Amino acid sequence: LKVVPWQVPLGFLGGAAAFAYIFYTMDPNAYPPVGFSMMAGGLFFVAVFIATDWVTSPVTGWGMILFGIGAGVMTLIIRYWGGYPEGVYFAVLIMNAVAPLCDRITATPFGRRLKANA
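Sorry if this is basic, but what is going on with the packing of aromatic side chains here?
For any pair of aromatic rings, the description rests on two quantities: the centre-to-centre distance and the angle between the ring planes. Summed over all chains, the structure comprises eleven aromatic pairs. Seen in terms of ring centroids, Tyr31 and Trp81 are 6.2 Å apart; in terms of plane orientation they differ by 80°. Their pairing is edge-to-face. Here Tyr31 is found in the loop between α1 (7-26) and α2 (34-39), whereas its partner Trp81 is found in helix α4 (residues 61-81), with 50 residues between them in sequence. Within the aromatic cluster, the residues linked to one another by ring pairs are Phe19, Phe23, Tyr31, Tyr80 and Trp81.

Explanation requested: a nonpolar patch on the surface in the structure shown.
Together, Leu1, Val3, Val4, Phe45, Val48, Phe49, Ile50, Trp54, Val55 and Tyr89 make up a nonpolar patch on the protein surface, roughly 1,100 Å² of accessible area in all. Per element, the largest residue contribution to the nonpolar patch is four residues, and it comes from helix α3 (residues 43-50). With relative accessibility at 44%, the residue Val4 sits in the partly exposed group.

When you look at the environment of Ala107 in this model, what are you seeing that I'm missing?
Summarising the element assignment, Ala107 is placed in the segment after α5 (88-106). Between the C-alpha atom of Ala107 and that of Pro28, which follows or precedes it by 79 residues, the distance is 39 Å.

Would you mind going over the packing of α3 against α5 with me for this structure?
Packed helix pairs are characterised by how far apart their axes lie and by the angle those axes make with each other. Across the interface, α3 lies against α5 with an axial gap of 10 Å and an inter-helix angle of 30°. As far as their axial angle goes, α5 and α3 are roughly parallel. Handedness of the crossing formed by α3 with α5: right-handed. Listed contacts from α5 to Leu43, Phe45, Val46 and Ile50 of α3 are Val88, Tyr89 and Val92. Grouping the amino acids of the contact of α3 with α5 by side-chain chemistry returns seven nonpolar, no polar and no charged.

Thresholds applied
Residues numbered from 1 in each chain as written. Predicted model: local features only at pLDDT ≥ 70, side-chain atom pairs only at ≥ 80, totals over all residues. Heavy atoms only, no water. Phe/Tyr/Trp six-rings, centres within 6.5 Å; stacked < 30°, edge-to-face > 60°. Helix = DSSP H or I, 4+ residues; strand = E, 2+ residues; numbered from the N terminus. Patch = residues over 30% accessible without salt bridge, like charges linked within 9 Å, V, L, I, M, F, W, Y side chains within 5 Å. Areas by Shrake-Rupley, 256 points an atom, 1.4 Å probe, with all protein chains shown as cover. Salt bridge = Lys/Arg side-chain N within 4 Å of Asp/Glu carboxyl O. Buried < 20%, exposed > 50% of the residue type's maximum accessible area, 1.4 Å probe, protein only. Axes fitted to C-alpha atoms, helices over the stretch in contact; angles between N-to-C directions. Parallel < 35°, antiparallel > 145°, perpendicular 65-115°, else oblique. Left-handed = near helix turned anticlockwise from the far one by under 90°. Contact = heavy atoms within 4.5 Å. Nonpolar A, V, L, I, M, F, W, Y, C, P; charged D, E, K, R; others polar.

Distances and angles like these do not, on their own, reveal function.
Put into C-alpha cells, the structure is as follows:
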C-alpha cells in the first residue's frame, strides 16, 4: 500500500548501526556488539511503526532520512550514556520536536528548478 515511507526506517536502522559500529570498534570492552545493539529492545518495532507516524515525521525525503539517522543515533546515546536502558521512545520524542527543522533544512524553495530537470 506504500503507507510507510522507506526513508525513516532505513535512516533509523542505518544511523543506529553506524553509531554502534563506530563505538564498538573504538572500545569493544565498554560497548556491546552491533548485532546486540540492533536486536536489543524495541529498535526494529519503533523504526517501522512508531517513527513513521505521519503526524510528527518530516515531509521531505531527505528530511525523513535525517530524522531517522538522528533518532537512531539518539537512541544509542541514551542507551550508552543515559540512565535509561531503552532510549528508543525518548529518542523518537526528541526527534519529533526537531522534525520541522529537518524539513526546513532539506526543503527545496518553491519555484526553484533543479538542475536535473532543467
